[in-house]
Amino acid sequence: MQAVASNIIVGSQVWVEDPEIAWIDGDVVEIKGADIKIKLSSGKDVVTTSAHVHPKDPEAPPCGVDDMTKLAYLHEPGVLQNLKSRYNMDEIYTYTGNILIAVNPFKRLPHLYDKHMMEQYKGAGLGELSPHPYAIADSSYRHVVVYVFFLIT
């Protein structure tokens, strides 16, 4: 069994570039020199090089993660798959550390912006609740208050 870049070996689950959908997952079935043969989840076989392949996290939850720093691999296909998984559940906000990523839902989600939702985030630490602009706003406000307090004392 030969290994290639990123510890990809025969049997590895990987993401491979696809001209139509950007990235598609599959399993490495053969490695010959620089060529990697992959059985795609679509059933098709492709041969490519390690430059066009990224490892897939087989333990990534199908619903995605709320903070992408929890991903085993923080690369383009992993990030896009996580955002897609969350988007499919109407979870349009995702963190990467303390950065909030928003995906346009192309529909109204009024429950995300009501007074009850705003109250939940008051005083909650960043990451205690689901990612949301209210969490960022509350955290920023509290940091400004602390900063101003130290400036005037």
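Computed from a predicted structure; not experimentally measured. (Residues numbered from 1 in each chain as written. Predicted model: local features only at pLDDT ≥ 70, side-chain atom pairs only at ≥ 80, totals over all residues. Heavy atoms only, no water.)

Colleague: Looking at this model, I keep getting lost on the nonpolar core. Mind explaining?
Modeller: The tendency in soluble globular proteins is for nonpolar side chains to be buried side by side. Judged by nonpolar contacts, I8, V14, V16, I24, V28, I31, I36, I38, L40, V46 and V53 together constitute the single largest core of 11 residues. Setting aside its immediate chain neighbours within four residues, I24 contacts V14, W15, V16, D18, L40, S41 and S42. Formed by 9 residues, the second largest nonpolar core is a distinct cluster that contains I92, L112, Y121 and A135. (Core = buried A, V, L, I, M, F, W, Y, C linked by side-chain atoms within 4.5 Å. Buried < 20%, exposed > 50% of the residue type's maximum accessible area, 1.4 Å probe, protein only. Contact = heavy atoms within 4.5 Å.)

Colleague: Got a minute to help me understand the pattern of salt bridges in this structure?
Modeller: Opposite charge on two side chains allows them to pair when their charged atoms are near. If you walk through the whole model with that rule in mind, you get 8 salt bridges. As a salt-bridge pair, K32 and E30 come within 3.1 Å of each other at their nearest N and O atoms. K32 sits in the exposed class, given a relative accessible area of 57%. The exposure class of E30 is partly exposed, given its relative accessible area of 28%. Across the salt bridge formed by E119 and K122, the nearest N and O atoms sit 3.2 Å from each other. (Salt bridge = Lys/Arg side-chain N within 4 Å of Asp/Glu carboxyl O.)

Colleague: Even after reading the chapter, I still don't get helix 1 (residues 76-87), so can you show me in this structure?
Modeller: Three or four residues apart is the spacing at which side chains of an α-helix point the same way, because the helix has 3.6 residues per turn. With 12 residues, helix 1 should reach 16 Å at 1.5 Å per residue; the first-to-last C-alpha distance of 16 Å fits that figure. Every buried residue of helix 1 is listed here: P77, G78, V79, N82, L83, S85 and R86. Along its buried surface, helix 1 packs onto strand 1 (13-18), strand 2 (22-32), strand 5 (53-55), strand 6 (93-96) and strand 7 (99-102). (Helix = DSSP H or I, 4+ residues; strand = E, 2+ residues; numbered from the N terminus. Expected span 1.5 Å × (residues − 1).)

Colleague: What is the right way to read the UniProt feature "domain: Myosin N-terminal SH3-like" (unreviewed entry) in the protein chain from this model?
Modeller: Per the UniProt entry, the sites bearing "domain: Myosin N-terminal SH3-like" (unreviewed entry) are residues 9-58 in this numbering. Helix makes up 0% of residues 9-58 and strand makes up 62%, while its end C-alpha atoms are separated by 14 Å. (UniProt positions renumbered as here; feature names shortened; annotations may be inferred.)

Colleague: Explanation requested: the UniProt feature "domain: Myosin motor" (unreviewed entry) in the protein chain in the structure shown.
Modeller: Mapped onto this numbering, the UniProt entry gives "domain: Myosin motor" (unreviewed entry) at residues 63-153. Helix makes up 43% of residues 63-153 and strand makes up 9%, while its end C-alpha atoms are separated by 47 Å.

Colleague: For this particular structure, what's the right way to read the side chain of R86?
Modeller: Mapped onto the fold, R86 is located in helix 1. A distance of 2.9 Å separates polar atoms of two side chains, one belonging to R86 and the other to T94. When near neighbours in sequence (up to four residues on either side) are disregarded, R86 contacts C63, G64, V65, D66, E91, Y93, T94 and P131. (Polar contact = N/O pair within 3.5 Å; in protein donor to acceptor, adjacent residues only side chain to side chain.)

Colleague: Honestly, the pairing of strand 4 (residues 45-49) in this entry has me stumped. Any pointers?
Modeller: Each regular strand displays side chains that alternate between the two surfaces of the sheet. Of the two faces of strand 4, the one lined by V46 and T48 is fully buried and the one lined by D45, V47 and T49 carries no buried residue. Bridging between strand 3 (residues 35-40) and strand 4 involves 5 bridges; their strand directions are antiparallel. Bridged to I36 within strand 4 is T48. Adjacent in sequence and paired antiparallel, strand 3 and strand 4 are bridged by 4 residues, among which G43 carries a positive phi angle near 100 degrees. (Pairing = 2+ DSSP bridges.)

Colleague: Would you explain the sheet that holds strand 1 in this entry?
Modeller: Strand-to-strand pairing in sheets goes through backbone hydrogen bonds, with the strands running parallel or antiparallel. Strand order in the open sheet made by the 5 strands is 4-3-2-1-5, with antiparallel pairing throughout. The strands lining the two open edges of the sheet, one partner per strand, are strand 4 and strand 5. Adjacent strand axes in the sheet meet at a mean angle of 45 degrees when their direction is disregarded. The pairing of strand 1 with strand 2 spans 6 bridges and is antiparallel. Residue W15 lies in a different strand from strand 2, and its bridge partner there is D25. (Axes fitted to C-alpha atoms, helices over the stretch in contact; angles between N-to-C directions.)

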